[in-house]
Each structure stands twice: as structure tokens, then as C-alpha cells.
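One letter stands for each residue in the lines below.
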Amino acid sequence: MLRPRSAMNRYVVAVLRKPALLPIAVMLSLTLPHLGQGDFVVDTGWYAAIGLQAWRDAISGRPGALWTLMAEGGQGGLAYFNKPPLAFWVHGFALWAMGPSVLAARLPAVIAGAACVWLTVSIAGVLHTRRTGFLAGLILALTIEFTRHTRAFSLDVWQLLFLLAAARVAAGAVRRGSMRALPIGGVFVGLALLTKPLVGLVGWSLLMIWAWLPGVGRRGEHRRGFGWAFVGLIVAALIASPWHIGMVIEHGTAFTSRYFGHEIAARAMGTIDRANTGAANPLYYTQELVRHYLPWLISVLLGLVAWARGGLRRDAGMALIVVWTLTWFVILSAFADKRPRYLLPVFPFWAWLSAVWIRDQAPRWLALVRRAVVRWVGVFAIGGGMLVAALPVTIDRSMDPNWAGFMEFLRTAEMADEAWWQGGFEGARGARLYLEFGRWPLSTRDRSGVLIATPPRDAVILYHRRDGLVPGEGERTLYENADFRVTRLQTEQWAPSSRPDPGE
């Protein structure tokens, strides 16, 4: 430990006594400036509308509003069975309490991201040292691909939080040489299962494989630990199963076919709707890391090489890093549906590996850089974050002009009392209207595309150029731009065309 010979040394000593504070401050300095800027992009708007509607309906007295989430069409529309409800409850409450804004939609994920940084510091500190934990947390906070996902309504960030919490429990159990605390880890696995389907079980399995490796747990604890790990699994099931069983009892095959068939099986086989076109490439994640994970990819690779050659310590901490990250990367690469956000669970452990390599194997010049970073990164990051927050800079793009024009038309007096119907207009776009106007377009098709309702004569129908359908005969165009078209049905029968828009 540095002796407090100077004001700067006293600062460093103070930082290392509370090793998570500076990494969290750095992470917040990168995420909080202009957090409310931009628009509801990708899944943020879709998830935000579902969560907000659940709380609005619950406050207004609709039974089961928080239990069975509803999506497009409002209370009489389609239930949302794609994901478990936990993250929707958290973000939805923030949106209800603060109002439907981009800031309210993102803020809970930023808080969850800060907790992930704290847990990374804690895990590395328990299995290695405080200095290593501090450096691991700092590297994670400076991993742009991690902080980028915290500036969104991200289920993956919440899942990572619960996986890290379970890992922290397991790390503490191994350090103490007693597995009695493992049932507490089961609590966090259960919360992970209420965030995304089944992935929490993968994380728990990897933690148990690690805890039973030779040289990791205390001799004689493995047999007793197996029982505690099983109790932890039971605890996870007790937390996650009421919602899952309740959905099966209440909704039957409508839930199981969507949740287990579409969201799990179809993703695993790569047949899910709007599958990632690059997922067939076996080097997909390798290319993503080369594009978005530098410079930390270099320290990770050098760390793995040093570990394989025996240049790094062979202890419980390194065993956890290697088992978790390599197994997770292999599973992700074999999984048919590939997305950059699926890499989030490896970033904390790779940050830890980078910290170990920088401390134990880095050349002298890099060690000097590390010391300078420890001394000054807080000043520059926090000062820079405050400066960016004060300046009128653009971090997130604003609403697309076509969306803005479309919204402006829907605000006109002509549209004020109209019921909007879903033509070629998918649910995620309808979510944007709910956040803006408090109502969804009325549903015409279910999730599988089967017609469930038809607009009556004089109905207003919404279309987007990428959503499959275009207006048929008997529809008069009320508004049109490059992406959107609004029509009024002037016949008794609605007959849209599925041909591509000639203007596309």
C-alpha cells in the first residue's frame, strides 16, 4: 500500500480503501451526461411502453396488470409473453413516477450498470486483492461496449447484475471455505430467471463447475457443497416458478408456444422473426470484439496466453475467469441467434483478467501508465463528464424526421378523436405512439400474423414501409412520407396488399 507522503498519495490510499467508488464515478461520468437526449430507439421504446402500461393499468385497478404484461392494442389487445416481467416492473415504475421520457426509460439501467461495476470490484477483490478489484472495475467502467448498453432499457444489463450477484456469493463461499451461503446465490439466479428465459441456469451451472474444480474449494467441502448448491437451485425455482407456472395455468399454449417455442427454441435454432443476418458467420463475435472491444481485447488475449504458459497465478480467481469467459464464449458462438449485447456477461471477467495481466505481466511503461491513470482518471473523467453535460453536444440522435412528421400529423385536430388501426405497423412502432399519446393502434393480427380483427368503414389505418402490408383498394391516403402512410378505409372490406411498396 502506498504511504501517504503527499496529497496525491493520500488520495490514492483513500481510493483504494473504497475501491468501487472511483470506477462507479467514472462509469456514471460516461453514461449520465445527456442521458435524456435522443429517442426511444431499438427495444427501449417497445419495452418502455409495455412496462409503463403495466403500472398505469395496475394503478387504475386492472387485475393482474403487473402479472400478465400487455403489448399492442392496450387492455383489450395482445398479451406480451416474450420475456419475464422483472425488468419491466422496474423501468415501468420509473416511467410512471417520472413520466414517459427517454431519461426515465434509461436511468434504471444506468443504476444497474453501476451496481455491476461495484460487484466486479468486489468479486475480484475477494478472490484476488483490492487493487486488482479496483483496476478491474475501472476497466469495466471504461469499456464503451458495456456502458453503451446501460444507456438503454436493456434486459441484458439486469441479467448481468443478477449473475454477478450470484458469482459474488459463490466467490465469498469459496474464499471462506464453506458453501452454506450458496442458497443466497439462488435468490439472484431466480431474479435472473425473471429477467430473461433460462440464462440464469447457465450462469449457476458455470459457478458450480468452477466451485468443484480441484484446488478451488476447501478439501472436504465439495460433498457438503453439492447439497447447498442444490438448495440454491431450489431457492431459484421458488422465486422464478410462480410467474412461469401462473402464466401456464392462465394462458396455456398461448404462453408456452410463444415463451418456450419462439423465444427459446426459435432463437436457439436461428429461426426467430427478424433473425440477425450475420449470425451464420462462426466468427461473428470475434469480429464484433475486434470492432468494439479494443484496446481491452489486446490485454485479454495477452492475459490468456500468459495464463496458458504459466505466467499468471493459478488460483481460484483465475479459474473462475477462464471457466466463465471461455465457456460463455463457446456457448454464445454455438447459439444460432447472435447479438452484440449477448457478450455482456463476459466483460466484467475480462476486465478482471486485463487487470491481472496489467498488474503482473505488463511492461514497465504500461505500469507507469497504470499509475498515472489511477491518479488522474477520476479528475479527467468526472470533470469531462460535467463539461459534456454542460455543453450542447449531441450524443444520441434525435427523432427521425419521418417519425417527427408522422407524429405531428397524428396530433392534428383531424386525428384527435380517431381510433387508429394497425395496418402494416408492427407492435414496436405502436409502442412509440403509446408513449407519445397514451394509446396503441388497435390490433388487426396476432403475433403469428393471423387476422383477428378488421377495421370498419371510415377507419384510420397506419402503415410503415418495412412492415409487410401496403394499402389496398378503397383506402384514401391522408398522410404520407418516405416511411409512413396513413389511410382512411372507404369501403366495407379491408383488403391490404402484401406486395412490397413500389416506392421502397
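Shown above is the structure to which this text applies.
Let me begin by describing the structure that accompanies this report.

Rules and cut-offs
Residues numbered from 1 in each chain as written. Predicted model: local features only at pLDDT ≥ 70, side-chain atom pairs only at ≥ 80, totals over all residues. Heavy atoms only, no water. Salt bridge = Lys/Arg side-chain N within 4 Å of Asp/Glu carboxyl O. Helix = DSSP H or I, 4+ residues; strand = E, 2+ residues; numbered from the N terminus. Buried < 20%, exposed > 50% of the residue type's maximum accessible area, 1.4 Å probe, protein only. Phe/Tyr/Trp six-rings, centres within 6.5 Å; stacked < 30°, edge-to-face > 60°. Lys NZ or Arg CZ within 6 Å of the ring centre and 35° of its normal. Pairing = 2+ DSSP bridges. Axes fitted to C-alpha atoms, helices over the stretch in contact; angles between N-to-C directions. Contact = heavy atoms within 4.5 Å. Arc of directions from axis to C-beta. Polar contact = N/O pair within 3.5 Å; in protein donor to acceptor, adjacent residues only side chain to side chain.

Section: the pattern of salt bridges
Throughout the structure, instances matching the rule amount to 15 salt bridges. In this structure, R291 and E288 form a salt bridge, with 2.6 Å as the shortest nitrogen-oxygen distance. Within this pair, R291 and its partner E288 are both found in helix α13 (residues 284-292), separated by three residues, close to a single helical turn. The partner of R465 in a salt bridge is D483, and the shortest N-O contact between them spans 2.4 Å. Of this pair, R465 sits in the loop between β2 (460-464) and β3 (475-480) while D483 sits in the loop between β3 and β4 (484-489); the two residues are 18 residues apart in sequence, bridging distant segments of the chain. With relative accessibility at 30%, the residue R465 sits in the partly exposed group. One salt-bridge network, held together by shared partners, links D156, K196 and R341.

Thoughts on unusual backbone geometry
Geometrically, the link from L294 to P295 is a cis peptide bond, its omega value of 5° lying close to zero. Tracing the chain through its elements places P295 in the loop between α13 and α14 (296-308). Despite not being glycine, H34 shows a phi value in the positive range, around 55°. The topology assignment puts H34 in the loop between α2 (21-31) and α3 (44-59). The backbone of L198 sits at a positive phi, close to 70°, despite the residue not being glycine. Secondary-structure assignment places L198 in the loop between α9 (182-193) and α10 (199-211).

Overview of the packing of aromatic side chains
Evaluation of the coordinates by the stated rule reveals 31 aromatic pairs. A centroid spacing of 5.8 Å and a plane angle of 40° characterise the contact between F93 and W96, whose relative ring orientation is tilted. On the criterion of helical spacing, the pair formed by F93 and W96 is a turn pair, its members being three residues apart in helix α4 (residues 86-98). By relative accessible area, which is 41% here, F93 ends up partly exposed. The class for W96 is partly exposed, based on a relative accessible area of 38%. Pairing Y293 with F347 gives two aromatic rings, centres 5.0 Å apart and planes at 20°, and the pair type is stacked. Of this pair, Y293 sits in the loop between α13 and α14 while F347 sits in helix α16 (residues 347-360), and the two are 54 residues apart along the sequence. Taken individually, Y293 and F347 each receive the classification buried, so the pair is uniform in this respect. Ring-pair connections join several aromatic residues into one group, and the members of that group are W46, Y47, Y80, F88, F153, Y434 and W440. Taking NZ or CZ as reference, R314 lies 4.6 Å from the ring centre of W307, over its face.

Overview of the sheet that holds β3
Ordered in space as β1-β2-β4-β3, the four strands form an open sheet in which the pairing is mixed. Each edge of the open sheet carries a strand with a single partner, namely β1 (420-422) and β3. Taking each pair of neighbouring strands and ignoring which way they run, the sheet shows an average axis angle of 35°. In terms of strand pairing, β3 meets β4 through five bridges, oriented antiparallel. For Y479, the partnering residue across the bridge sits in β4 and is V486. Packing of helix α18 (residues 401-410) onto the sheet brings it into contact with β1, β2, β3 and β4, and relative to β4 it is tilted by some 30°.

As for α18
By the burial criterion, the buried members of α18 are W403, F406, M407, F409 and L410. Each buried residue of α18 sits inside an arc of 160° when the element is viewed along its axis, so together they form one side. Two to three positions downstream of the cap, the backbone nitrogen of N402 sits 2.8 Å from a side-chain oxygen, assigning the N-cap of α18 to D400.

Looking at the environment of I264
Examined against the element boundaries, I264 turns out to sit in helix α12 (residues 253-269). On a C-alpha basis, the gap between I264 and D337 in space is 9.9 Å, while along the polypeptide they are 73 residues apart.

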